[in-house]
Amino acid sequence: KKEEQLSTHEIELKVLHPKAMEQVQFQYAQYYQKGDVIRSNLFLDRSGIYYGEYYQVGEINENHLKNNTVPLITENGQKRTLHLDELPQYSPMQIASGRMLEIYEEIHLKVAENDKLVITRNHNSSGLVNSTVARVGKITDSNITLIFDENPDKTFALDSNELRHVDHGYVLTNMKVQGKDKKH
């Protein structure tokens, strides 16, 4: 902004940042906090948890801790209870990339026209690939356009799920740039 390369008009996107939790911690209610966002990579029948769905952690009380359960709220406001004993038993031999749950913290990311963003999770139906960098094009009251070097521009509603997995893309590690999902 100081160099006048970014627009002074900023918006805030609600985005998801991975929460630092070890897989063994997924098994215990004490490690979850109200407001955490969970994406399940499993179908958990008793808990009513579906693969690929997002849930927000509700208020955790003593009963939840005692019973090792986590209260969840679906995206349409329905209540669920995650029974942590329904998760596969933790094994130190599990591969970190094969997480049964993804735990996120919801944050507000300030974005302006000409900002660089990096996609932080694949979104196949939209053609977004993890580690891809885009420049923010036009921002309106309801939409944002992302400009990609190698792909067509894409316009999204400001509240779209695709924008939940972005971050500023000014500094990237070698690991991020050469990520397993990146097309080489």
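Structure first, text after, so check above.
Residues numbered from 1 in each chain as written. Predicted model: local features only at pLDDT ≥ 70, side-chain atom pairs only at ≥ 80, totals over all residues. Heavy atoms only, no water.

A. Structural context of the overall build of the protein chain. Looking only at helices and strands, the protein chain has two helices and eleven strands in total. Ordered by position in the sequence, the α and β elements of the protein chain form the string β-β-β-α-β-β-β-β-β-β-β-β-α. Per-residue burial over the protein chain gives 40% buried out of 184 residues. When contacts within the protein chain are restricted to residue pairs at least 6 apart in sequence, those whose partners lie at least 24 apart make up 58%. Just so you have it, the protein chain exposes about 11,400 Å², and 46% of that area is on carbon and sulfur atoms. (Helix = DSSP H or I, 4+ residues; strand = E, 2+ residues; numbered from the N terminus. Buried < 20%, exposed > 50% of the residue type's maximum accessible area, 1.4 Å probe, protein only. Contact = heavy atoms within 4.5 Å. Areas by Shrake-Rupley, 256 points an atom, 1.4 Å probe, with all protein chains shown as cover.)

B. Focus on a nonpolar patch on the surface. A grouping of Val-24, Tyr-28, Tyr-31 and Tyr-90 is seen on the molecular surface, where their side chains present a nonpolar patch of about 340 Å² in accessible area. Here Tyr-31 is to be found in the loop between β1 (10-18) and β2 (37-40). (Patch = residues over 30% accessible without salt bridge, like charges linked within 9 Å, V, L, I, M, F, W, Y side chains within 5 Å. Salt bridge = Lys/Arg side-chain N within 4 Å of Asp/Glu carboxyl O.)

C. Broad picture of the sheet that holds strand β3 (residues 54-57). Judged by pairing direction, the sheet is antiparallel, and its six strands sit side by side in the order β1-β6-β2-β3-β4-β5 without closing on themselves. Every other strand in the sheet has two partners, leaving β1 and β5 (79-83) as the edge strands with one partner each. The average angle at which neighbouring strand axes cross in this sheet is 40°, direction not considered. Here strand β4 (residues 69-74) runs beside β5; their pairing, made up of five bridges, is antiparallel. Counterpart to Val-70 in the pairing with β5 is Leu-82. (Pairing = 2+ DSSP bridges. Axes fitted to C-alpha atoms, helices over the stretch in contact; angles between N-to-C directions.)

D. Region of the structure containing unusual backbone geometry. Its identity as a non-glycine residue notwithstanding, Asn-114 has a phi of 80°, on the positive side. Inspection of the secondary structure assignment puts Asn-114 in the loop between β6 (101-112) and β7 (116-119). You will see that Ser-131, though not glycine, has its phi angle at about 85°, which is positive. The topology assignment puts Ser-131 in the loop between β7 and β8 (133-139). A residue is classified by how much of its surface remains accessible, and Ser-131, at 4% relative accessible area, is buried.

E. Fine view of the pattern of salt bridges. In this structure the tally under the stated criterion is six salt bridges. Linking Glu-102 and Arg-39 is a salt bridge whose minimum nitrogen-to-oxygen distance equals 3.6 Å. Of this pair, Glu-102 sits in strand β6 while Arg-39 is found in strand β2, placing the two residues 63 residues apart along the sequence. We classify Glu-102 as buried; its relative accessible area is 14%. The exposure class assigned to Arg-39 is buried, which follows from its relative accessible area of 10%. Through salt bridges with shared partners, a single network forms among Arg-39, Glu-102 and Arg-121.

F. Spotlight on the pairing of β3. Direction of pairing for β2 relative to β3: antiparallel, over a ladder of three bridges. Pairing of Val-37 across the sheet is with Gln-56, part of β3. Strand direction decides the pairing type here: β3 and β4, joined by three bridges, are antiparallel. Across the sheet, Tyr-55 pairs through a bridge with Thr-74, a residue of β4.

G. Representation of the side chain of Thr-69 within the structure. Of note, Thr-69 is situated in strand β4. Given the relative accessible area of 8%, Thr-69 is considered buried. Residues contacting Thr-69, with those up to four places away along its chain left out, are Ala-29, His-64, Thr-81, Leu-82 and His-83.

None of the figures reported here should be taken as evidence of function without further support.
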